[in-house]
Structures are given as structure tokens and as C-alpha cells.
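The primary structure of each chain is shown beneath.
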Amino acid sequence: MHLNRRDALLGALGSMALPAARAAEEEAVWPRDLHVPGGVARLSLGPAARRPQARTVEDVPLLVVGDVIEWHALVGIPLGAPPGEARIRALREEGGTRELPYVVAPKRYREQQLKVAPGQVDLSAEDMARYERERAHLQGVMATFSEPPPEGDLRMQVPVPGRRSSSFGLRRVFNGEKRNPHSGMDIAAATGTPVKAPMAGRVIDTGDYFFNGGTVWLDHGGGLLTMYCHLSAMDVKAGEVVKAGERFCAVGATGRVTGPHLHWSVMLNRAMVDPGLFL
Ligand code: ZN
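Residues numbered from 1 in each chain as written. Predicted model: local features only at pLDDT ≥ 70, side-chain atom pairs only at ≥ 80, totals over all residues. Heavy atoms only, no water.

**Section: the packing of aromatic side chains**
Applying the stated criterion across every chain yields a total of 4 aromatic pairs. Considering the side-chain rings of Tyr131 and Phe211, the 5.3 Å spacing of their centres and the 90° angle between planes classify their relative orientation as edge-to-face. Linking Tyr131 in helix 4 (residues 125–142) with Phe211 in the loop between strand 12 (201–209) and strand 13 (213–219), this pair joins segments that are 80 residues apart in sequence. Residue classification places Tyr131 among the partly exposed positions, given a relative accessible area of 24%. Phe211 gets classed as partly exposed once you look at its relative accessible area, which sits at 32%. Between Phe210 and Phe211, the aromatic rings sit 4.9 Å apart at their centres with planes inclined by 85°, giving edge-to-face as the arrangement. Among the residues examined, Phe210 registers a relative accessible area of 10% and is labelled buried. Of the aromatic side chains, those joined through ring pairs into one cluster are Tyr131, Phe210 and Phe211. (Phe/Tyr/Trp six-rings, centres within 6.5 Å; stacked < 30°, edge-to-face > 60°. Helix = DSSP H or I, 4+ residues; strand = E, 2+ residues; numbered from the N terminus. Buried < 20%, exposed > 50% of the residue type's maximum accessible area, 1.4 Å probe, protein only.)

**Some thoughts on the sheet that holds strand 2 (residues 54–56)**
Within the open sheet, the 3 strands sit side by side as 2-5-6. Their pairing is antiparallel. Whereas interior strands pair on both sides, the edge strands pair on one side only; in this sheet they are strand 2 and strand 6 (97–104). Between one strand and the next, the sheet's axes are offset by a mean angle of 35°, whatever the strand orientation. Examined bridge by bridge, strand 5 (residues 84–91) and strand 6 share 8 bridges and lie antiparallel to one another. Within strand 6, the residue paired with Ile88 across the bridge is Leu100. (Pairing = 2+ DSSP bridges. Axes fitted to C-alpha atoms, helices over the stretch in contact; angles between N-to-C directions.)

**Concerning the pairing of strand 5**
Across 3 bridges, the pairing between strand 2 and strand 5 is antiparallel. Residue pairing across strands places Ala54 opposite Ala90, the latter belonging to strand 5. Taking the residues between adjacent antiparallel strands as the criterion, strand 5 and strand 6 are bridged by 5 residues, where Gly95 takes a positive phi near 105°.

Pasting the structure below:
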């Protein structure tokens with residue numbers, strides 16, 4: 001199984017596999033180390049008696065995992081990140097900061113050209129106002145950073161069994177106009193199928209949103225958040241804690257969708273990253 005995983009990883013990455021290949025030679029870790037837009041960079045902060053702190057250059061706190069022998073910052077790389085050198089800031093124990101550079105390799109996600117009737121993509125003034133209100137609310141949800149951070153490796157369980165689309169990062173162009181790329185994983189499942197928590201977490205938001213429909217957000221600590229959309233049922237309220245593998249909502253077709261499925265997003269330091277890296 002170890003070999004298969006590694007072979008699949010190397011095969012999928014082709015010519016720009018250097019950082020991931022290095023990680024694959026070591027023991028398997030979750031999330032996988034993949035320095036591309038929508039990926040996660042695992043950057044060594046070295047040894048320290050206490051968990052060090054690290055931040056993005058935009059000052060967003062980062063998830064730091066490990067132990068006194070070696071700590072790592074797990075950096076969610078935004079889908080819109082330009083390829084090339086990027087950096088984070090690590091706080092020194094003695095005060096001050098040092099910068100840690102890493103390289104973001106280019107990745108071309110697929111593009112999908114769609115032609116639809118104009119009325120279908122342009123929101124009414126009323127819908128637009130609703131969407132703007134929801135967006136402002138969600139900005140606050142997405143800024144959640146709680147202690148303690150999750151422990152151990154961050155391997156997640158698939159929240160719903162079913163066919164998983166590989167559409168993370170897909171760039172959709174409606175009538176020649178670029179839209180935000182698809183920032184999660186879609187899993188095909190019938191309405192009512194139980195959704196189980198991929199790892200333990202605390203519910204930080206539930207609601208019925210214009211695009212996302214019935215939605216639940218889980219906080220796993222340290223800026224690692226997951227979002228579940230288009231739900232037909234939500235069995236939890238904000239503040240409740242769910243265990244790994246516990247049912248907390250059900251698949252549906254609410255919001256702007258054409259059929260029932262689970263949309264699952266994983267967010268690290270406010271960047272949507274590929275959920276597949278955690279499986
Ligand atoms: Zn989706």
C-alpha cells in the first residue's frame with residue numbers, strides 16, 4: 001500500500017514532483033506536502049522547547065504541529081497564489097522574526113467553458129445584497145483560529161462514501177467571464193446520506209446560504225477548518241463538538257446546485273486547499 005501511494009503520487013505529479021517526491025521518500029504524512037496553488041507546504045521550524053508561532057506575510061497565524069525535536073508549519077497555499085518564491089515568518093523564541101522561503105510550483109488546473117442564459121449568472125439586486133451580507137458574515141467565520149491545534153497526523157476520513165470528483169481547482173468560465181475556481185471536493189451521494197466528521201471538531205457556523213445552501217463549518221483548531229454545503233439536514237448547532245466519524249448532517253441539493261452531492265472544503269490559514277491531500 002505504501003508503494004502504491006508513492007507511485008500514484010509520483011505519477012500524478014509528473015515533471016514537477018521534486019518537493020512531493022522528497023516527502024514520499026520519508027514516512028507518509030497527512031496532509032501531503034505539495035507546493036502548488038491549492039496545496040499545503042510543510043515547512044520545518046526546527047527544534048524548540050515550546051511550540052513556536054509562525055504567520056503568513058499577510059499576518060495570518062499558521063498551524064504549527066510536531067514536538068520538541070522538530071516543529072512544522074503547515075501552510076495552506078491559496079489557489080490564486082502566483083508561482084515562484086513565497087515566504088512565511090517564524091517568531092524567534094528570543095524575540096523578533098525570521099523569514100522562511102519556499103517555492104510554489106505552477107499548476108494548471110482544468111478550465112471549463114460554460115454558456116448559459118445571461119439571467120442565470122447575473123444576480124438580481126436583492127440576491128446580490130443577500131450574497132454580500134453572507135460574504136461579510138463568512139469572512140468572520142473563516143478568520144477563526146482556535147487553540148489547541150490538532151495533534152498527531154492530520155489524516156481525515158472521507159465524510160461520505162461515493163464517487164469523488166477531481167474538480168478541485170477547476171476554473172469555470174461563464175459566457176467568457178472568469179469565476180472563482182472550484183475550491184472543494186464534490187462527492188456524489190443521494191439526498192439524506194449521512195455526513196460524518198472527517199476528524200474531531202467544533203461547530204462554528206451553520207446556516208442556509210444563497211450559493212452554498214445548508215452549510216456547516218467545523219473548526220479543528222489552529223486555523224484548520226472544514227465546510228460542508230448543499231445539506232438537506234443539519235443535526236448540530238454552533239458550539240457543539242463532534243467526534244471523528246460522528247454523523248452531524250446529511251447530503252442534499254440546497255443552494256445553487258443541479259443535483260444532490262456533498263461539497264466539502266478544507267481551509268488552512270484562510271486558504272482553501274485540496275481536501276484530497278488529507279485523505
Ligand atoms: Zn462543489
